[in-house]
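As a plain string of letters, each chain reads:
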Amino acid sequence: MSTQQSIIDHIAEVWLDGDADGLDAHVPLTELNIIDSAEIFDLVHYLQDRFRITVPLQEVSPANFRTVDAIASLVERLQRERESVR
């Protein structure tokens, strides 16, 4: 499963009663009130557990959580950074 699809599935399950219709990688999540600022931290915990990354507090910004595409890009960048440290 792709990073994007995993994030879409999680958002749909937790905040949309399992209904992912219309939710794609480019839907503005906070603008449409799909998730709010407090729920972003719940999403951060999910990302850290699911993708085995650490999301630094400075990365928890509106730009990084605006869309599923932005979130997936953040996850993939943090994974690459983690791998380069090893």
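The paragraphs below set out a description of the structure included in this document. (Residues numbered from 1 in each chain as written. Predicted model: local features only at pLDDT ≥ 70, side-chain atom pairs only at ≥ 80, totals over all residues. Heavy atoms only, no water.)

### Describing unusual backbone geometry
Stage number 1. For Asp17, which is not glycine, the phi dihedral falls at a positive 55°.
Stage number 2. With respect to the helices, strands and loops of the structure, Asp17 is situated in the loop between helix 1 (3-15) and helix 2 (37-51).
Stage number 3. Using a relative accessible area of 79% as the deciding quantity, one classes Asp17 as exposed.
Stage number 4. Positive phi, normally seen in glycine, also occurs at Arg52, with a value near 55°.
Stage number 5. Along the chain, the position of Arg52 falls in the loop between helix 2 and helix 3 (68-85).
Stage number 6. On the basis of relative accessibility, which here comes to 67%, the residue Arg52 falls in the exposed class. (Helix = DSSP H or I, 4+ residues; strand = E, 2+ residues; numbered from the N terminus. Buried < 20%, exposed > 50% of the residue type's maximum accessible area, 1.4 Å probe, protein only.)

### A look at helix 3
Stage number 1. For helix 3, built from 18 residues, the straight-helix expectation of 26 Å at 1.5 Å per residue is met to within 8% by its first-to-last C-alpha distance of 26 Å.
Stage number 2. Residues of helix 3 that are buried include every one of Val68, Ala70, Ile71, Ala72, Leu74, Val75 and Leu78, and no others. (Expected span 1.5 Å × (residues − 1).)

### Examining the nonpolar core
Across soluble globular proteins, nonpolar side chains have a tendency to be buried as a group.
Stage number 1. Counting residues in each nonpolar core, the largest one holds 24 residues, and the members touching the most others are Ile7, Ile11, Leu29, Leu43, Leu47, Phe65 and Ile71.
Stage number 2. Elements that contribute at least two residues to this core include exactly helix 1, helix 2 and helix 3.
Stage number 3. Not counting residues within four places of it along the chain, the set of residues in contact with Leu29 comprises Ile11, Leu23, Ile34, Ile35, Phe65, Arg66, Thr67, Val68 and Ile71. (Core = buried A, V, L, I, M, F, W, Y, C linked by side-chain atoms within 4.5 Å. Contact = heavy atoms within 4.5 Å.)

### Quick notes on the packing of helix 2 against helix 3
Stage number 1. Packing of helix 2 against helix 3 brings their axes to within 12 Å, and their N-to-C directions diverge by 45°. In terms of axis orientation, helix 2 runs oblique to helix 3. Both helix 2 and helix 3 take part in a crossing whose hand is right-handed. For the pair formed by helix 2 and helix 3, the contact residues are Leu43, Leu47 and Phe51 on the first element and Ile71, Val75, Gln79 and Arg82 on the second.
Stage number 2. Residues belonging to the contact of helix 2 with helix 3 are distributed by class as follows: 5 nonpolar, 1 polar and 1 charged. (Axes fitted to C-alpha atoms, helices over the stretch in contact; angles between N-to-C directions. Parallel < 35°, antiparallel > 145°, perpendicular 65-115°, else oblique. Left-handed = near helix turned anticlockwise from the far one by under 90°. Nonpolar A, V, L, I, M, F, W, Y, C, P; charged D, E, K, R; others polar.)

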